[in-house]
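Given next are the chains, with one letter for each unit.
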Amino acid sequence: MMFPIRSLKALLSLTIFFCLILYHLRGYGRAIFANDFHGQLKLDSSYTPSSDFDIVVSMYKEDLEKIRWAIGELKNAEYIKTLTPNVIIYVKDQDANMDMIQNVTGANVVRRIPNTGREGGTFLHHIVHEWDNLAKQTLFTQAYAHRLKKETLPKLTNYLGPDTGMLNLGYATVCDCHTCIDRYEWNDPWKIVAAKYEEIHKRTCDKVLLSYKGQFIASARRIRGIRKAIYEELLEGVTTSIAWAHDKNIIGKEQDSLNAPFLGYTLERLWYILMQCGDAKKAEMCPSMLTSRGIAGKREDCQCLDQII
């Protein structure tokens, strides 16, 4: 028996529709709340933030007009535009005109720091030196956020809120803690991924999320939930010539210098762990960076939330 072409098209359309529903529903059955990360989450609930929201920018010699535009886009993002964010630019160009940078970008604060440690060194510098002056939430970014219009801003719109504890604005992948490698030929010769996870959570590390692109939002309560000494050790590793981070017997022939330390690539991948948000199961729930929340999607699917107090 032959079906009319029109009926076959209708059946095909209906099948595609239900497939899309199943795709969007898949993986949304479980939320990542503040107390959901292996029951080991530690937040500094006693800390009183000095402000609501900071945007911390790591800059070298990028175009100032483009930085001004990027900052404006971030400040106009959903939720952030309801606040009065402070913009803090850390400049690694030792010859830069600081007054010009502030005038063109409209930043609240412009500070010069040594050109060491890549963007991760900048973020660690801010965390360590502003430990008692951290905003309630901080957006950490390079001079231009990666794929700002297509990926970063939609993710801010879909997920950022006052209870955001850790929101990665790049992409992520799952890693076996003790044999960590990725498609970019990065590896973890120091076994830092497993070591830091186990130091923070006091349990064996199996699989964990790695972060990419060096752009994320974290709450002060979550940043301060682990010992300051952990950040200080990593900051020393990416910004000084101490032996453990630059030992050729460990890193072999990998390219390594103070302004682009090999450890910096590990640090880029470590932010989920440092912010106690590395549950590999979240990778199953979070939609692609190129898509928005699904039909049954929740804000918790792509981030770790803090309980509002």
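The coordinates are above.
1. So, the nonpolar core
- By size, the foremost hydrophobic cluster in this structure holds 51 residues, and its most contacted members are Ile223, Tyr231, Trp271, Leu274 and Met275.
- If sequence neighbours within four positions are ignored, Leu274 has contacts with Ile200, Ile226, Ile230, Tyr231, Leu234 and Leu267.
- Residues Phe53, Leu74, Ala107 and Leu169 belong to the second largest nonpolar core, which totals 33 residues.

2. Concerning unusual backbone geometry
- Positive phi, close to 75°, is recorded for Tyr79, a residue that is not glycine.
- In this fold, Tyr79 is placed in the loop between α2 (64–75) and β2 (86–91).
- For Tyr79, a relative accessible area of 18% corresponds to the buried category.
- Positive phi, normally seen in glycine, also occurs at Arg147, with a value near 45°.
- Mapped onto the elements, Arg147 comes out in the loop between β4 (137–142) and α5 (148–159).
- In this structure Arg147 comes out as partly exposed when scored by relative accessible area, which is 45%.

3. Some points on helix α4 (residues 118–129)
- The end-to-end C-alpha separation of α4 is 17 Å, in line with the 16 Å expected for 12 residues at 1.5 Å each.
- Burial analysis of α4 places 11 of its 12 residues in the buried class, the great majority of the element.
- Burial in α4 covers these residues: Arg118, Glu119, Gly120, Gly121, Thr122, Phe123, Leu124, His125, His126, Ile127 and Val128.

4. Remarks on the packing of aromatic side chains
- Enumeration over the complete set of coordinates arrives at 11 aromatic pairs.
- Between Phe123 and Phe140, the aromatic rings sit 5.2 Å apart at their centres with planes inclined by 55°, giving tilted as the arrangement. In this pair, Phe123 is assigned in helix α4 and Phe140 in strand β4, connecting sequence segments 17 residues apart. Comparing Phe123 with Phe140, the two get one shared label, buried.
- Judged by centre distance (4.9 Å) and plane angle (5°), the rings of Tyr171 and Tyr212 are stacked. Here Tyr171, found in the loop between β5 (164–168) and β6 (172–176), pairs with Tyr212, found in the loop between β7 (207–211) and β8 (216–219); they are 41 residues apart in sequence, far enough to count as distant.
- Given a relative accessible area of 3%, Tyr212 falls into the buried group.
- Members of the aromatic cluster, each reached through a chain of ring pairs, are Phe123, Phe140, Phe216 and Trp271.
- One residue, Arg118, lies across the ring of Tyr265, its end atom 4.1 Å from the ring centre.

About the thresholds
- Along each chain, residues carry numbers from 1 onward, in the same order as the chain's sequence is written.
- With the structure being a predicted model, the display of local features is reserved for residues of pLDDT at least 70 and the display and counting of side-chain atom pairs for 80 or more, all residues being used for whole-chain, interface and lining totals.
- The basis for every side-chain value is the complete set of heavy atoms in the structure, and neither hydrogens nor water enter the calculation.
- Grouping buried Ala, Val, Leu, Ile, Met, Phe, Trp, Tyr and Cys residues that are joined through side-chain atoms within 4.5 Å yields what is termed a nonpolar core.
- Each residue's exposure class comes from its accessible area (1.4 Å probe, protein chains only) as a fraction of the maximum for that residue type: buried when under 20%, exposed when over 50%, partly exposed otherwise.
- In this analysis, two residues are considered to be in contact whenever any of their non-hydrogen atoms come within 4.5 Å of each other.
- Each helix corresponds to a stretch of at least 4 residues labelled H or I by DSSP, and each strand to a stretch of at least 2 residues labelled E; elements are numbered beginning at the N terminus.
- Here the expected length of a helix is defined as 1.5 Å per residue gap, with one fewer gap than residues.
- Two aromatic rings, drawn from Phe, Tyr or Trp (for Trp, its six-membered ring), form a pair once their centres lie within 6.5 Å of each other, and the interplanar angle then sorts them: stacked below 30 degrees, edge-to-face above 60, tilted otherwise.
- Only when the NZ atom of a Lys or the CZ atom of an Arg is both within 6 Å of the ring centre and within 35 degrees of the ring normal do we say a charge sits over the ring.

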